[in-house]
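Okay, here's what each chain looks like letter by letter:
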Amino acid sequence: MKFGAALSLAGNVSVLAIAAFAAAPVYAQSAPPEVPELVDDTPIIVTGSRIARPETDTPNPVVAFTAQNIEQSGQTNLTELLAQSPALFNSLGSFDAAGSEAAFGATGVNLLNLRNLGTQRTLVLVNGRRHIAGVSGEAAVDINTIPVALIDRVDVLTGGVSAIYGADGVSGVVNFVLKRNFEGIDVRVQQGISTYGDAPNTFASATVGTNFADDRGNFAVSYEFRRDGRVAYSDRAIGRPGAERLARNPDDIPDDPNVFDNVFLRNLRYADSSPDGAVMLDTDLVPAFRGGGQPYDLGRFLPDSGFLTEGGSSTSINAYQGDLQAQTEVHNANLIASFEFSPAIRIFGEAKYVHSKAFSVSQPSFDFYNFIPADNPYIPQSIRDAIVPGNFADFGLPDGVVVSRDNFDLGTRDERIKRDLFRGVIGFDGKISDNARYEISYTYGQNEFTFSSLNYRYKDRFYAAVDAVDEGQFLNGTPNGNIVCRSSLNDGSVSTFNVIEQLFDDDPRNDFITPQTFPVGATSPCQPLNIFGEGVRSQAALDFINVDLVNRVKQTQHVVNGYVSGDFGAIFELPGGAVSFALGGEYRRESSKFNPDATAQTPSSAIPEQSVLADLALLAPESGSFHVWEAFAELRAPLLSDQPFAHRLEVGAALRLSDYSTVGSTTTWKIDGLWAPIRDVMFRGSYSEAVRAPNITELFAPTTGAFSRLSDPCSPVNIDNGTEFRAENCETLISGLGVNFADFNFDDSQQSSATLLGRQTGNQSLRQEKATTWTAGIVLQPQAIPGFSLTFDWYDIKLTNAINTATLQESADFCVDSPTLDNVFCQNITRNTTNGYISDYLLAPQNVAFFKTAGGDVTLNYSFSPGLGRVNLRGSLGYLDKLLFLPANGGRVDDDRGELGAPKWVGTADVTWDLGDFLVNYGFNYAGKQRRYEYDETENDPDIVDPEFLFHKAGITHDIRFEWQLADSKFNFYLGANNFTNEQPGRGSANTPVGFMGRYFYAGARIRSDALGF
């Protein structure tokens, strides 16, 4: 059957269902209680199903965070809270959205990562409906756009959701359920600050709602404001020059198996480069002076360390990280309304506008081995006096110096973002008969944002500005003190250039920098730039060499969804009750446009793949869209109830047929069931096949340039750090180029701060991913212990045909670590036939990977009265049994369990003691130990580090909160401290195993009333 016919058939069946089931009462859609009770039998629409049912009667495991849980956490950043749970532990929070950690155009964006399978595989919904994405070309939702004040609960569900909600949810779904029929007023203000006096947080929200027309209508508006302050890397101990880091042991060169390869060292610095300049006087390229003319302290050089030193005048490696947390500001306005004309028709709507801003400081530009002629008047006299005539004659150069420099004073590469997001929902629902009801809705989302990439540098202008001369000296040999650019006095030739690019790079495109972004000669706007010393540059020179890039993104989403749900009770019933169903269809269209700044789209005349800007590959506009037609059906059959050994027994199934404009037809399905032999015990399980279609960027990204760092796996320092295939493959690969493998030695030290130019692109030949998931669990609700429930669920996910874009480093490693060289990674890398170095590469997404993950979750809820007040216990514990990644068929399986971001054990617990007008909450968070080095690094290198430091130790933090309610009033006051014992990240780490924030204090007040009047 063709898909169109199937969709037509689904519509006909819907009409027949509407006509046939005109009988008994429909399930009411009442809101869940503030703290969900597992014994509640109120039918609702639960996450993972379109069939109304009691909330805990789900065959799939659901972990819920209630509004009360969120408020008592003291967190106003939802991602930071949700990431404490086992399922979402590796989500992208504040640390991942700031400084050098943030992706291009993603400063301040928080994304959820369910089961460590990636943000692109985590489906985020609001009230069971899709939400516009927060990242260009992707489907991942920025959680900062979800209003905290309106959340009723957050459901986290693993597996089986693609059959219900469509693609993207191969790992599961996170559904934000908002308050419905809100009546009254709710105002909250909160202020927080860290124990270090930074990271201020201001939060304020106001929600007002009322029923009208005899409670048939409801109208509510809400406004929320949140501001978080920056935290610089230098604001924490790890960001100071004296901080400890693991580095190559200088006393273990060459490698002694009885001596640990890596040890903790202090004051690590990038060799031969400094913020005020590292000046070299001869061809050995060893700094002799600092830029201001002071002697240069070389420190202690660390061999095989990536060109680091211990101590000295060079730049601290910690100075390069930028921020630990971005400065963010979010304004979130929401409107929710509904009106019931009759039981047969209710109109409902949602509207949301979010305006947000973010700013973060990142890395500076850097220059290595730039030749400066001796006639440059900015050269300090002490350096000039030390220049020996003919000092660079071996390079064929005139007299001069070579300078390496980290350009903090020329402007760091910061990012500033403004976002405007709109989302609207309008729909109708109602009762068709006593046994069926319907819902039709349309969702529109639009996200427009502008992100400015600050202080990028024109390559030709920089070299022209650095090549300064005394005007009189240049024209007639008599200095007059007027310093100008050489290119302003001649035909535009520039005598400053990178000696490494010109003398050691075989690519002739690097031989000369030709001015192309400014006129030369007498009309030139060139302003001379002094790089000898820190802070000695002029603002005019900065304005000439730098540019702020203004990039724009627009994303849109259209979703039309309609379905009928009900039961066959008017026709027949099984021994366990009526068979329930849901049947419907959906149309969705997604589009994304990225338009980079015109300057970034201007190619260099020397290297077409590179833009005219230094250290920025050529960018190109990205535009793409897709649409999908879908039909879905769901069935729930209660086989038995109230029978011996079958208090409840039911099975269910769901099917979804999809037709994508990009990948064609797909089918997803699931089967599930639950069995309660007695009221106290229920077993549940599910099996499903889900798909993820490639996103817009994966499909439609244009071919652009790429810059990547590389430590060549075939270099002597790395040859023994791979699989058993690496050494033989490297020899075959390098020798096959005509290069003597015994002489091959990629100079990692020379490339430590440089990058290799290549290309990256999308792939319109991509196919959908497929995930096979099964879950099995047990729910215990002993009647002998009222208020107690315990659940245990196991999940197992296998993702095949997975889309993966390997980095240059991964591609180079995977190429030679595979059993043969006949693989896609080797095909995408080109090596130079003269020296064997990588000269070109292509990074593109491929269906070449699979993931396997499995584990178990335990959740506990217990509420009881000890005689004084009421105590609520809530806890969850997650165990990660496996997390495997295979980059390509025939490649090496990468075991990620226990590595950074994937500890074997993660747990969180809360204890709340409610005394009526006074409440105390204690929170406990646990993250198990995590490896500092990956398994493939340690497999063939047992002495890589002292076993004491192979792991980050388990991280434990404690939270406390006190709340008072004024007697007989609606006013609440609270204060608390998260991580009140001020636990710190592990030795040598910025954010593991606990976060960088440290102890955090907060206090606030809340006014709540069930009616608009007091």
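The shown structure was predicted, so the numbers you read here are calculated from the model rather than taken from an experiment.

Some words on helix α13 (residues 808-817)
Consideration 1: Here α13 lies mainly inside the structure; eight of its 10 residues are buried.
Consideration 2: Within α13 the residues assigned to the buried category are Leu 808, Ser 811, Ala 812, Asp 813, Phe 814, Cys 815, Val 816 and Asp 817.

Some details on the nonpolar core
Consideration 1: Residues Leu 710, Ile 838 and Tyr 841 are the most contacted members of the largest nonpolar core, which totals 38 residues.
Consideration 2: At the level of secondary structure, the elements contributing two or more residues to this core comprise α11 (726-735), β39 (788-804), α13, α14 (824-827), β41 (838-843), β42 (846-864) and β43 (870-886).
Consideration 3: With five residues, α13 is the largest single contributor of residues to this core.
Consideration 4: Apart from residues no more than four positions distant in its own chain, Tyr 841 is found in contact with Ala 706, Phe 707, Ser 708, Leu 756, Leu 757, Gly 758, Arg 759, Leu 808, Asn 828 and Ile 829.
Consideration 5: Ranked by size, the runner-up nonpolar core spans 25 residues in total, among them Val 466, Phe 518, Cys 526 and Leu 542.

Focus: α11
Consideration 1: Taken together, the buried positions of α11 are Arg 726, Asn 729, Cys 730, Leu 733 and Ile 734. Seen end-on, α11 carries its buried residues on one side only, within an arc spanning 120°.

Quick word on the sheet that holds strand β4 (residues 122-126)
Consideration 1: Taking strand neighbours across the sheet as the criterion, the five strands line up as β3-β6-β7-β4-β5 in an open arrangement whose pairing is mixed. With partners counted over all chains shown, the strands left at the sheet margins are β3 (62-66) and β5 (129-130), one partner each.
Consideration 2: Direction of pairing for strand β6 (residues 151-157) relative to strand β7 (residues 172-178): antiparallel, over a ladder of six bridges. Its bridge partner lying in β7, Ile 151 is registered against Leu 178.

A look at the packing of aromatic side chains
Consideration 1: For the structure shown, the criterion picks out 33 aromatic pairs.
Consideration 2: Here the aromatic rings of Phe 366 and Phe 368 are separated by 5.9 Å at their centres, their planes lie at 70°, and the arrangement is edge-to-face.
Consideration 3: Its relative accessible area of 14% is what places Phe 368 among the buried residues.
Consideration 4: Put simply, the rings of Tyr 270, Tyr 320, Phe 366, Phe 368, Tyr 369 and Phe 408 touch in pairs and so form one group of aromatic residues.
Consideration 5: Sitting over the ring of Tyr 795, Arg 115 keeps its end group 3.9 Å from the ring centre.
Consideration 6: Above the plane of the ring of Tyr 458 lies Arg 461, whose end atom (NZ or CZ) is 4.4 Å from the centre.

So, the environment of Ile 417
Consideration 1: Summarising the element assignment, Ile 417 is placed in strand β25 (residues 415-433).
Consideration 2: Residues Ile 417 and Ala 374, 43 residues apart in the sequence, show an inter-C-alpha distance of 43 Å.
Consideration 3: Apart from the residues lying within four places of it in its own chain, the contact partners of Ile 417 are Gly 105, Ala 106, Thr 107, Ser 356, Lys 357, Ala 358, Phe 449, Thr 450 and Phe 451.

Cut-off values and rules
Residues numbered from 1 in each chain as written. Predicted model: local features only at pLDDT ≥ 70, side-chain atom pairs only at ≥ 80, totals over all residues. Heavy atoms only, no water. Buried < 20%, exposed > 50% of the residue type's maximum accessible area, 1.4 Å probe, protein only. Helix = DSSP H or I, 4+ residues; strand = E, 2+ residues; numbered from the N terminus. Core = buried A, V, L, I, M, F, W, Y, C linked by side-chain atoms within 4.5 Å. Contact = heavy atoms within 4.5 Å. Arc of directions from axis to C-beta. Pairing = 2+ DSSP bridges. Phe/Tyr/Trp six-rings, centres within 6.5 Å; stacked < 30°, edge-to-face > 60°. Lys NZ or Arg CZ within 6 Å of the ring centre and 35° of its normal.

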